[in-house]
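Per-entry structural report
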Amino acid sequence: MPTKDLTNRRKRRLSVRGLVALLLLLAVLAAAVIFGVTRIKGSPADSMIELPFSSGAEYGITDKGIMTIGGEKLIYSNLTGEVEWEVPLTISGCRLSTGGKYAVLYTDTVVQAVSGSGATLFPSLEFSGRVLSVRCGADVIAVLKEEDDSSRFIYLYDLAGSRLDRLELKSNALLNYGFDDSRGLLWTLMVNTEASVPVCTVGTYNVATHSDTGAMTNEGQLIERVYFSDSKTYVCGTNHLIVYGSTGKEESTTLIYGWRTLDFLPGKSPMAILSMRQESSAVSFAAKVLDIASGKEYGFRLPANTLGAFFYDGKVLVVLPSKLVYYSQKGEYLSEIPLSETADGAELIKGRVLLTSGDKLFLLP
């Protein structure tokens, strides 16, 4: 028999094996390139915006930028961290409160409002007693002031500097206050410290009609957070999450004892992020997204070193010192992204997440 020539067969086998290996190598390289591009271009961590002032500065966020006090100047930066203007301050030792389109500079005795371009809105207001804090509504300024006799009032002003009203706070301690701009309301959260059990009251006041519109009182728990959405008031306490209608009547209550509220998402189907009150020795702790209207809960877990958990860009964002972790609003793990700086703090202000790293301050896009 003639001898079979195996040379061509070996060559064909080698060429097929080589082709398969080459294709696999190309697939791996393509995946690596795609992954790398995704991580670089789609990563909020890689595009964190370092702000041009330290984390210990006095600052506030408006609709389109950030105002800060630097030395004897008021400085405005856009949301990409670029300084757009600076104006000298006429008063020293200022604190700062911001609204959507303006800011208020204040000391213990002086209040001055400035526009988004840095122009003064009205001549500065001078007070006797002591200004404690300021809140900015859409077009109304609330000034909390302590008189010389220790009585406390909230003074309301429009953006022309005209006084609209003066509200006496009487004997209950004021825990917090602010504006529900969707309904033109000022709200206050007060607690009666003389009762045998905590008695907290959320009061609402219609600025336009100069009238009280509701007093939602709850006994036996401390109220920690108050939110507003679709003409309803959502009161988050140490025991229950309570929903009140537009008239102040209680509509529903959900037991949340042992949990604390981290964030709230308004809308037709409002949701809250709740976390188990953390034990110091725990490695991780339970968290959940609560659909308030339906009562459905979607659970996940948070590491013990979690700096914050927020509703952000249609997802749940969990901030850890070395990375960002994303979950769906149903608690499903989505992805995680390493941080280029080690974070030591996280805060949500007007829908914007700010991270601190030592003296540095970063804004997530």
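Computed from a predicted structure; not experimentally measured.

1. Let's talk about the sheet that holds strand S12 (residues 152-158)
Within the open sheet, the four strands sit side by side as S10-S11-S12-S13. Their pairing is antiparallel. Each having just a single partner strand, strand S10 (130-136) and strand S13 (163-168) make up the two edges of the open sheet. Taken over all neighbouring pairs, the strand axes of this sheet differ in orientation by 20° on average, direction set aside. When S12 meets S13, the two strands line up antiparallel, connected through five bridges.

2. Here's the deal with the pairing of strand S29 (residues 333-338)
Taken together, the five bridges between strand S28 (residues 323-327) and S29 define a ladder with antiparallel strand orientation. Of the residues in S29, the one forming a bridge with Tyr327 is Tyr333.

3. Side note on the pattern of salt bridges
Where charged atoms from two side chains of opposite charge come close, those side chains can pair. Overall, the coordinates contain twelve salt bridges when judged by the stated rule. Residues Glu146 and Arg130 are paired through a salt bridge, measuring 3.5 Å at the closest nitrogen-oxygen approach. On the criterion of sequence distance, the pair formed by Glu146 in strand S11 (residues 140-146) and Arg130 in strand S10 is long-range, its members being 16 residues apart. Residue Arg130 is classed as partly exposed on the basis of its relative accessible area, which comes to 37%. For Lys232, the salt bridge goes to Glu251, with nearest N and O atoms at 2.8 Å. Here the residue Lys232 occupies a position in strand S19 (residues 232-237), and Glu251 occupies one in strand S21 (residues 250-255), the gap between them amounting to 19 residues. Taken together, the shared-partner salt bridges connect Arg130, Glu146 and Arg152 into one network.

The rules we used
- Residues numbered from 1 in each chain as written.
- Predicted model: local features only at pLDDT ≥ 70, side-chain atom pairs only at ≥ 80, totals over all residues.
- Heavy atoms only, no water.
- Pairing = 2+ DSSP bridges.
- Helix = DSSP H or I, 4+ residues; strand = E, 2+ residues; numbered from the N terminus.
- Axes fitted to C-alpha atoms, helices over the stretch in contact; angles between N-to-C directions.
- Salt bridge = Lys/Arg side-chain N within 4 Å of Asp/Glu carboxyl O.
- Buried < 20%, exposed > 50% of the residue type's maximum accessible area, 1.4 Å probe, protein only.

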